[in-house]
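Observations on the model geometry
Chain by chain, the residues run as shown.
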Amino acid sequence: MMRRALIPFLAAANLLVPFAPALAQNSEPPQAWLFGAWTGGTFPAPSQITAATCLAQPTVIFTRDIVLRSTLTEATYEQRLVATVRATETGFEFRFEPAAPAPAEGGGGGLLGLSGGGQPGAAGFGCESADLLHVERHGENEITFPGCEDFPNPLVRCPAS
């Protein structure tokens, strides 16, 4: 009896095997193609770059829950926790958890009192809001952050090898 019940189940499972990769891809968030390290943005990205060079100091790193960015004035990456991501016609709109408040006195949050985003201590991307980032896709390996003063140039994906 158990054997007969298993046969239809196995037959149905075999029918799904060709679709398994497509089903697995659907479990990823729509912005999953962004996940990884990107360089450029602040300065033009080099036309030829090795994976080792790029991964040694990427400009922006996208993960499922966090976006990290480097700055010229800090040794550590600024990190923003992703609150929501919305797909747009040209890419994605990231909304971050509210930025930490600016330091009360004694500095703008960075080396020599400098900080990005035009707001003292604001951990953003130089966009209209420290808690918002628009990502525009320009092909499989190039993106821009339109309207973000800190990233006037395109970013390119770090090569895998």
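For clarity, every value in this text was computed on a predicted model and none was experimentally measured.

1. Let's talk about the confidence of the model for the protein chain
Overall, the prediction assigns the protein chain a mean pLDDT of 78, with 70% of residues at 70 or greater. Per-residue pLDDT, averaged within each element of the protein chain, yields its smallest value for helix 1 (residues 2-16) (42) and its largest for strand 2 (residues 60-62) (97). Across residues 111-121, where pLDDT falls below 50, the model places 20 contacts with residues more than four positions away in sequence or in other chains.

2. Some thoughts on the nonpolar core
Membership of the largest hydrophobic core comes to 19 residues, with the highest contact counts inside it found for Leu34, Phe62, Phe94, Phe125, Leu133, Ile143 and Phe145. Contributing elements (two or more residues each) for this core: strand 2, strand 5 (91-96) and strand 6 (132-137). Residue contributions to this core peak at three residues, all from strand 5. Not counting chain neighbours up to four residues away, the residues in contact with Phe62 comprise Leu34, Phe35, Gly36, Trp38, Val67, Phe94, Leu133, Val135, Ile143 and Phe145.

3. Quick notes on the packing of aromatic side chains
By the definition in use, this model includes nine aromatic pairs. Each ring, one from Phe94 and one from Phe96, has its centre 6.2 Å from the other, and the planes form 20 degrees; the classification is stacked. Pair check on accessibility: Phe94 and Phe96 agree, each one buried. Among the aromatic residues, ring-to-ring pairing joins Phe62, Phe94, Phe96, Phe125, Phe145 and Phe151 into one connected group. One residue, Arg69, lies across the ring of Phe125, its end atom 5.7 Å from the ring centre. Above the plane of the ring of Trp33 lies Arg137, whose end atom (NZ or CZ) is 4.0 Å from the centre.

4. Overview of the sheet that holds strand 8 (residues 155-157)
Taken in spatial order, the eight strands of this closed barrel run 1-2-3-4-5-6-7-8, and their pairing is antiparallel. Shown here is a sheet whose adjacent strand axes are inclined to one another by a mean of 35 degrees, direction ignored. Alignment of strand 1 (residues 36-40) against strand 2, held across three bridges, turns out to be antiparallel. If you follow Gly36 over to strand 2, its bridge partner there is Phe62.

Reading the values: the criteria
- Residues numbered from 1 in each chain as written.
- Predicted model: local features only at pLDDT ≥ 70, side-chain atom pairs only at ≥ 80, totals over all residues.
- Heavy atoms only, no water.
- pLDDT = per-residue confidence, 0-100.
- Helix = DSSP H or I, 4+ residues; strand = E, 2+ residues; numbered from the N terminus.
- Contact = heavy atoms within 4.5 Å.
- Core = buried A, V, L, I, M, F, W, Y, C linked by side-chain atoms within 4.5 Å.
- Buried < 20%, exposed > 50% of the residue type's maximum accessible area, 1.4 Å probe, protein only.
- Phe/Tyr/Trp six-rings, centres within 6.5 Å; stacked < 30°, edge-to-face > 60°.
- Lys NZ or Arg CZ within 6 Å of the ring centre and 35° of its normal.
- Pairing = 2+ DSSP bridges.
- Axes fitted to C-alpha atoms, helices over the stretch in contact; angles between N-to-C directions.

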